[in-house]
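Residues per chain are reported as follows:
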Amino acid sequence: MFSVQARAEIDRNIAKYPADQKQSAVMAALVVAQDQYGWVTPESIQEIADILEMPPIAVQEVATFYNMYDTKPVGKFKLAVCTNLPCELSGGTRAGEYLKKKLGIGYNETTPCGTFTLKEGECMGACGDAPVAIVNNKTMCSFMSNDKLDALIEELKAKAKEQGSAV
């Protein structure tokens, strides 16, 4: 069940649309669900469907179409590295391979401690800053050299420890 704050955020997004078009808030509602639960749970899909008065399968279709939504549990920090051509030409593939080795996981895998999930991302609209990575769909990191990747991983490990997660 959504928290009071999460439900208020969903209602705020619904209010942006005419009353007969509240289903237009489905993407925003999925973001709220993912922020609250860490991923888009089957229960949150049902709750969104109930709130927006739409079939659960329609919510599921949106959640599985876009790669920013996770329909399975992910680590505390989801790292998506862009490997599309402009980023690849500027080191995106190298950055992804470096993270695979450093974290000991492949794409679409989570570290055993549950701290990191690594994803191969689609274009993030920052080709001039390549290679780029995005943390939890929210924080863009640019010009990701090995040193910057090391610093990012250490920063995220420290945050995980502060928040009581095993690293």
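Throughout what follows, the structure given in this document is the object of discussion. (Residues numbered from 1 in each chain as written. Predicted model: local features only at pLDDT ≥ 70, side-chain atom pairs only at ≥ 80, totals over all residues. Heavy atoms only, no water.)

Their axes nearest at 8 Å, the elements helix α3 (residues 42–52) and helix α4 (residues 56–65) cross at an angle of 120°. Considering their axes alone, α3 and α4 lie oblique with respect to each other. As for how α3 packs across α4, the hand of that crossing is right-handed. In this structure, α3 contributes I45, Q46, I48 and A49 to the contact, and α4 contributes P56, V59, Q60 and A63. Here the residues of the contact of α3 with α4 are counted per class, giving six nonpolar, two polar and no charged. (Axes fitted to C-alpha atoms, helices over the stretch in contact; angles between N-to-C directions. Helix = DSSP H or I, 4+ residues; strand = E, 2+ residues; numbered from the N terminus. Parallel < 35°, antiparallel > 145°, perpendicular 65-115°, else oblique. Left-handed = near helix turned anticlockwise from the far one by under 90°. Contact = heavy atoms within 4.5 Å. Nonpolar A, V, L, I, M, F, W, Y, C, P; charged D, E, K, R; others polar.)

Applying the stated rule across the entire model yields nine salt bridges. Ionic pairing is found between K138 and D35, a salt bridge with its closest N-O pair at 3.2 Å. With K138 in the loop between β4 (133–135) and β5 (139–141) and D35 in helix α2 (residues 26–37), this pair connects stretches of sequence that are 103 residues apart. Overall, K138 belongs to the exposed group, its relative accessible area being 51%. K100 is the partner of E97 in a salt bridge, and the nearest nitrogen-oxygen pair spans 3.0 Å. Highlighted residues: E97 and K100, both in helix α6 (residues 92–103), separated by three residues, approximately one helical turn. By relative accessible area, K100 is classed as partly exposed at 21%. (Salt bridge = Lys/Arg side-chain N within 4 Å of Asp/Glu carboxyl O. Buried < 20%, exposed > 50% of the residue type's maximum accessible area, 1.4 Å probe, protein only.)

Further remarks concern a nonpolar patch on the surface. Residues M27, F65, Y66 and M68 make up a contiguous nonpolar surface patch of roughly 380 Å² in combined accessible area. With respect to the helices, strands and loops of the structure, M27 is situated in helix α2. Among the residues examined, M27 registers a relative accessible area of 32% and is labelled partly exposed. (Patch = residues over 30% accessible without salt bridge, like charges linked within 9 Å, V, L, I, M, F, W, Y side chains within 5 Å. Areas by Shrake-Rupley, 256 points an atom, 1.4 Å probe, with all protein chains shown as cover.)

Turning to the pairing of strand β1 (residues 77–82), a few remarks are in order. In terms of burial, β1 is a largely internal element, six of the six residues being buried. A two-sided burial pattern is seen for β1, the buried positions comprising F77, L79 and V81 on one face and K78, A80 and C82 on the other. Taken together, the three bridges between β1 and β4 define a ladder with antiparallel strand orientation. Opposite A80, over in β4, you have I134 as the bridge partner. (Pairing = 2+ DSSP bridges.)

What the five strands build is an open sheet, ordered β2-β3-β1-β4-β5; its pairing is mixed. A single partner strand is all that each edge strand has here, and the edge strands are β2 (109–110) and β5. In the sheet, β4 pairs with β5 via three bridges, with the strands oriented antiparallel. Within β5, the position partnered with V135 by the bridge is T139.

On the secondary structure map, E47 appears in helix α3. R7 is the oppositely charged side chain nearest to the buried, salt-bridge-free E47, at an N-O distance of 5.4 Å. (Lys, Arg positive; Asp, Glu negative; His and termini not counted.)

With respect to the helices and strands, L52 occurs in helix α3. Between the C-alpha atom of L52 and that of Q23, which follows or precedes it by 29 residues, the distance is 5.3 Å. Those residues in contact with L52 that lie beyond four places of it in its chain are I14, K22, Q23, A25 and V26.

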